[in-house]
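Analysis of the macromolecular model
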Amino acid sequence: MTTPAAVRPARLAADLRSLGWGAPIRAVYELSKRAGAHRALLGRMAATDTLRPVPPLRACFPPPAEVPGAARERTLVEAADIAAGRLTLFGRQLDLGDPPDWHAVLDGPGSWPRSHWWTIDIRSPARRGDVKWTWELNRHRHLVVLARAAYLEPHEPRWLAVLERHLGSWVVDNPLEVGVQWASNLEIALRAVAWAQVLSLTGERLARPLRDAMGRVLWHAGKHLVFELPYTLSTMANNHLLGDALGLLVIGRSFDHPTAARWAAAGARLFDRQAGREVRADGSTIDEALSYHRFVLEMLLVRAMLDRDLAALERAARAARYLARLGVLDGPVPQYGDWDEGRLLVSSAPDATTDLSGTALAALALAGGGAPPDQRERYDELAWYIREGEPIAPEPAVTGGVVGGGIARATTGPVRVWLRTGERRWHGHADLCSTEIAVGDRWLVGDPGTGAYNADPGLRDGLRCSAAHAVLRVRGLDQLEPHRVFRWRHHATGVLGEPATLDGLTVLWGVHDAYARVDPPVVVVRAVLVDTDPPCIAVADWVLGGGPACWQLDLPLGPEVATEIDGCLVRCRPGDEDQWSLHLPAPAEAVRGRREPWMGWWSRTYGELEPATWLAVRGRSAGPVLWQAVPGAGPAPDLWHADDGRLVRRCARAEPMSRYLVWVEQTGREIRLQVGRGESEWTSAVVLGGG
């Protein structure tokens with residue numbers, strides 16, 4: 001039996017590997033909470049700020065332009081729901097009351113303790129629930145909707161009455177530093193951004209005592225963020241640092257006072273410095289998750305709205321163009337990485353949780369001269385934040401090449417295919433060289449999403465592990481081993497090779513080193529071959545460096561896909577009319593809706609689960625391990641087959657130029673993919689671990 005004393009050094013060692021030199025700082029921080037330093041410093045500060053008068057609040061957000069009719073209607077409909085106690089969290093409408101219980105455990109019974117936040121357990125298995133649900137309520141997105149309704153109908157008293165009732169109850173029920181609402185610096189910052197929007201929409205119409213109470217909360221929130229900055233800077237140099245800096249900037253702008261001006265200046269400097277790290281040259285972001293890409297993009301937009309900051313606008317435009325190349329303006333895209341509702345721009349649209357296009361278009365509009373009328377009618381991200389005008393043009397979705405951020409994309413007719421490599425950090429999943437296939441607006445093979453962060457640990461790890469992604473696993477191991485909720489025990493990197501289009505054949509390929517930790521170390525190479533005539537997506541993996549290896553191929557199918565398994569042939573129906581076949585290298589095992597372990601699920605957004613079929617195929621070889629997706633329900637098309645370590649494209653014609661060969665070679669760290677056709681040959685090479 002393993003003793004706690006034996007477990008603790010191992011856990012600390014894993015922390016050090018995962019967090020680097022941030023691990024000792026985190027340990028000191030946790031010790032401070034337990035030893036009374038937080039109580040002595042933050043507790044004393046809160047007691048003083050509760051009684052001390054603060055400077056008057058002022059609006060810092062620009063007022064909205066004329067709001068289009070469709071956006072007005074969406075706002076008033078949602079405001080009526082909120083007034084009736086029905087609030088939308090993570091795309092789901094919940095009956096929470098008027099006002100809601102701000103401390104309720106929303107994914108189970110009971111409430112969070114009304115005690116100092118550093119004494120509340122929100123992480124261990126003994127916690128009362130998933131705190132993210134409570135935090136989402138307390139980000140006060142719905143209060144912005146009520147403020148908008150009051151702005152649209154200034155003579156209708158109920159909107160302001162409900163808004164004041166919610167704000168007033170929150171101030172009373174959440175004393176300074178008391179409750180889980182104070183346990184995350186990012187939550188404090190995001191709530192400050194929401195309150196700033198409320199103040200800009202309502203002006204002086206909020207009751208003076210309520211404005212004064214909000215001012216005391218925001219003033220203390222600024223001091224809290226400054227106090228916590230060393231921890232954020234040393235251990236959370238990602239979207240959290242960006243959000244904390246933006247919160248400090250917004251709070252500083254909400255007061256006319258020298259101290260507040262210093263907060264604003266410090267927040268702007270920290271934000272701009274981190275934004276330069278956060279957004280890469282190709283427009284992707286370091287968090288390795290599309291939902292967090294939107295989150296970062298919206299922070300950039302708020303920064304630009306406050307100051308018309310040119311650097312923020314340029315980064316926002318770059319990040320928006322990346323999304324356009326990925327295909328967000330053309331339909332659904334894979335749910336890469338952790339997916340939740342991290343947002344600053346408030347939308348009442350029913351698909352606001354999962355649709356990234358409104359944020360992308362808002363960035364292009366703000367960086368340009370405004371948004372077209374039809375887009376302002378359709379998207380609240382434009383209707384409430386962007387005036388009418390001409391945006392900068394989006395880049396077209398990639399149809400056979402590199403998107404950026406380690407992702408390539410190809411299309412054939414209504415079919416869209418993605419290949420993802422990249423570097424796994426923070427909110428990324430164990431999905432190196434994953435391949436996703438969409439047919440129209442339905443997923444044939446996809447990324448099943450996130451589930452939840454703080455629910456069953458098996459669910460959390462089950463949806464971010466390799467078995468939940470369309471990848472090849474080697475020797476029964478996942479690409480990455482989970483550590484805590486957001487970390488991994490070791491590091492892995494993927495490199496995307498140069499794509500090519502060769503006479504109707506699009507070649508995407510990449511390589512990763514996730515199994516360099518095994519003995520002997522191996523690397524995995526994946527090639528995705530997209531044929532147009534006849535239509536076919538062929539995917540092949542090679543395991544290089546260790547000879548034949550035991551492997552498992554995992555294929556998570558979309559939740560709507562109905563399947564019929566016939567040995568190595570899986571007939572799939574992703575839609576009412578579409579029929580596709582998966583031709584696999586060995587008979588498949590299907591899992592759907594299993595809880596022990598968690599397998600066979602799909603999560604469209606945070607906290608939502610529905611059964612979906614996951615396929616698992618096992619074998620032993622060095623590759624190529626080949627599977628193909630083709631339209632129709634007939635027998636195997638024999639377009640491609642594996643032959644002595646190579647892929648061979650079979651064709652009815654006997655001419656040499658009608659036959660393709662695909663193979664890989666390795667020399668040290670250099671990996672080469674070669675495609676031969678007749679006497680011609682195309683070669684692409686990458687250096688793994690060499691930048």
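Every value quoted in this text rests on a predicted model; they were computed, and no experiment measured them. (Residues numbered from 1 in each chain as written. Predicted model: local features only at pLDDT ≥ 70, side-chain atom pairs only at ≥ 80, totals over all residues. Heavy atoms only, no water.)

Re the overall build of the protein
- In terms of helices and strands, the protein carries 17 helices and 31 strands.
- Against the 2.2 N^0.38 benchmark of 26 Å for 691 residues, the protein shows a C-alpha radius of gyration of 26 Å, consistent with a compact globule.
- Projected onto its principal axes, the C-alpha positions of the protein cover 85 × 65 × 40 Å.
- Considering only intrachain contacts with a sequence separation of at least 6, the fraction spanning at least 24 residues in the protein is 66%.
- Of the roughly 25600 Å² of accessible surface on the protein, a fraction of 54% belongs to carbon and sulfur atoms. (Helix = DSSP H or I, 4+ residues; strand = E, 2+ residues; numbered from the N terminus. Rg over C-alpha atoms; globule rule 2.2 N^0.38 Å. Contact = heavy atoms within 4.5 Å. Areas by Shrake-Rupley, 256 points an atom, 1.4 Å probe, with all protein chains shown as cover.)

Section: the pairing of strand E6 (residues 434-439)
- Burial analysis of E6 places 6 of its 6 residues in the buried class, which makes it a mostly covered element.
- Neither face of E6 is left uncovered, since the one carrying Ser 434, Glu 436 and Ala 438 and the one carrying Thr 435, Ile 437 and Val 439 both have all their residues buried.
- Inspection of the sheet shows strand E5 (residues 415-420) paired to E6 by 6 bridges, in the antiparallel sense. Across the sheet, the residue bridging to Arg 416 is Ala 438, located in E6.
- Alignment of E6 against strand E7 (residues 442-445), held across 3 bridges, turns out to be antiparallel. Within E7, the residue paired with Ile 437 across the bridge is Val 445. (Buried < 20%, exposed > 50% of the residue type's maximum accessible area, 1.4 Å probe, protein only. Pairing = 2+ DSSP bridges.)

Details of the confidence of the model for the protein
- On average, residues of the protein score 92 in pLDDT, and 94% of them reach the 70 mark or higher.
- A low-confidence stretch, residues 1-7 stays under pLDDT 50, and its non-local contacts, those more than four residues away or across chains, total 1 contact. (pLDDT = per-residue confidence, 0-100.)

A look at the side chain of Arg 487
- Residue position: Arg 487 is located in strand E10 (residues 487-488).
- Arg 487 sits in the buried class, given a relative accessible area of 15%.
- For Arg 487, the side chain forms a polar contact with the main-chain oxygen of Thr 235, separated by 3.3 Å. (Polar contact = N/O pair within 3.5 Å; in protein donor to acceptor, adjacent residues only side chain to side chain.)

Comments concerning the nonpolar core
- Judged by nonpolar contacts, the single largest core of 132 residues is most densely connected at Leu 163, Leu 167, Leu 206 and Leu 290.
- Residues contacting Leu 163, with those up to four places away along its chain left out, are Leu 143, Leu 146, Ala 147, Val 198, Thr 202 and Leu 206.
- Formed by 48 residues, the second largest nonpolar core is a distinct cluster that contains Leu 432, Val 530, Leu 553 and Leu 615. (Core = buried A, V, L, I, M, F, W, Y, C linked by side-chain atoms within 4.5 Å.)

Concerning the state of the cysteines
- According to the stated counting rule, one finds 0 disulfides in the structure shown.
- Cysteine Cys 568 shares no disulfide, and the gap to the nearest cysteine sulfur, in Cys 572, comes to 14 Å. (Disulfide = S-S within 2.5 Å.)

A closer look at the sheet that holds strand E20 (residues 588-592)
- Across the sheet, which stays open at both edges, the 4 strands sit in the order E8-E16-E25-E20 with antiparallel pairing between neighbours. Among the strands making up the open sheet, the edge pair consists of strand E8 (472-474) and E20. Within this sheet the neighbouring strands show an average axis-to-axis angle of 25°, counted without direction. (Axes fitted to C-alpha atoms, helices over the stretch in contact; angles between N-to-C directions.)

Observations regarding the packing of aromatic side chains
- Applying the stated criterion across every chain yields a total of 13 aromatic pairs.
- Arranged with centres 5.1 Å apart and planes meeting at 90°, the rings of Trp 219 and Phe 255 form a pair that is edge-to-face. With Trp 219 in helix H9 (residues 208-235) and Phe 255 in the loop between helix H10 (239-253) and helix H11 (258-278), the pair connects residues that are 36 residues apart, well separated along the chain. Each member of the pair, Trp 219 as well as Phe 255, is classed as buried.
- When the centroid spacing of 5.0 Å and the interplanar angle of 70° are considered together, the rings of Tyr 453 and Tyr 606 count as edge-to-face. One end of the pair, Tyr 453, is in the loop between E7 and helix H17 (457-464); the other, Tyr 606, is in the loop between strand E23 (601-602) and strand E24 (610-611), with 153 residues separating them in the sequence.
- By the ring-pair criterion, three or more aromatic residues cluster together here, those being Phe 90, Trp 133, Tyr 453, Phe 486 and Tyr 606. (Phe/Tyr/Trp six-rings, centres within 6.5 Å; stacked < 30°, edge-to-face > 60°.)

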